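# Descriptive structure summary
Each chain is listed here by its residues.
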Amino acid sequence: PIQSAAVIGAGLLYQATGGRQITEMLLAQIGRKPLSDKTIEREGYALASGIALGLVNLGTGSNMEGLSDLAINERLVRFIEGGKSIEFPKSMLSNNLQHENTKCSAIKEGDMVNVHITQAGALIALALIHLKSNNAQIVQRVGLPDTFYSLEFVTPGSLLLKTLCRNLIMWDSI
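Read on for an overview of the structure. (Residues numbered from 1 in each chain as written. Predicted model: local features only at pLDDT ≥ 70, side-chain atom pairs only at ≥ 80, totals over all residues. Heavy atoms only, no water.)

## Considerations on helix H4 (residues 72-81)
Burial of H4 is extensive: 7 of the 10 residues sit out of reach of the surface. Along H4, the positions that sit buried rather than exposed are Ile72, Asn73, Arg75, Leu76, Val77, Phe79 and Ile80. Along its buried surface, H4 packs onto helix H2 (20-30), helix H3 (42-56), strand S2 (112-113), helix H6 (115-129), helix H7 (136-142) and helix H9 (156-169). Phi for Gly82, located one or two positions after H4, is positive at around 95°. (Buried < 20%, exposed > 50% of the residue type's maximum accessible area, 1.4 Å probe, protein only. Helix = DSSP H or I, 4+ residues; strand = E, 2+ residues; numbered from the N terminus. Contact = heavy atoms within 4.5 Å.)

Below you can see the structure in the form of structure tokens.
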């Protein structure tokens, strides 16, 4: 809980600055693997990191100068949809954040993204980054269910966050 509050505080401190180091650190924290068997607050920490990432890059949309090599939109969509983790570009900061030698006997994720942990934070980050941008391509990648059959595979909390994300991005067409 203290780490989560500190991360959101850093997001507020760096609000709308688009700083590369803080962006890179927060992006890594959303998808951070468990460091030990004590992973109780992991989902809350990922959510706090997503909120902070969205605050740091608030309203920048796709105009993120100096951050294109981080592929922020692609990483956030991967955190939402799942799949294999995307490697970070080689830099001093991201290499220090990759905890490859840590083990957790309770959770076996391998190199796949655990969407149950990362999805909420990634959705909030994507919504705040593209706030009021009316970017239909980003909304389409969020993947709201469009049939009753696809609705069966979405949790209510996920549906709520995806709808919130869609409406924050497509502000003019609410």
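Resuming the write-up.
## Notes on the environment of Gly18
Mapped onto the secondary structure, Gly18 falls in the loop between helix H1 (2-13) and H2. Under the relative-accessibility criterion, Gly18 is labelled partly exposed at 22%. Each C-alpha atom of the pair Gly18 and Leu53 lies 9.1 Å from the other, and the pair is 35 residues apart in sequence. Residues in contact with Gly18, not counting those within four places in the same chain, are Thr23, Val56, Asn57 and Leu67.

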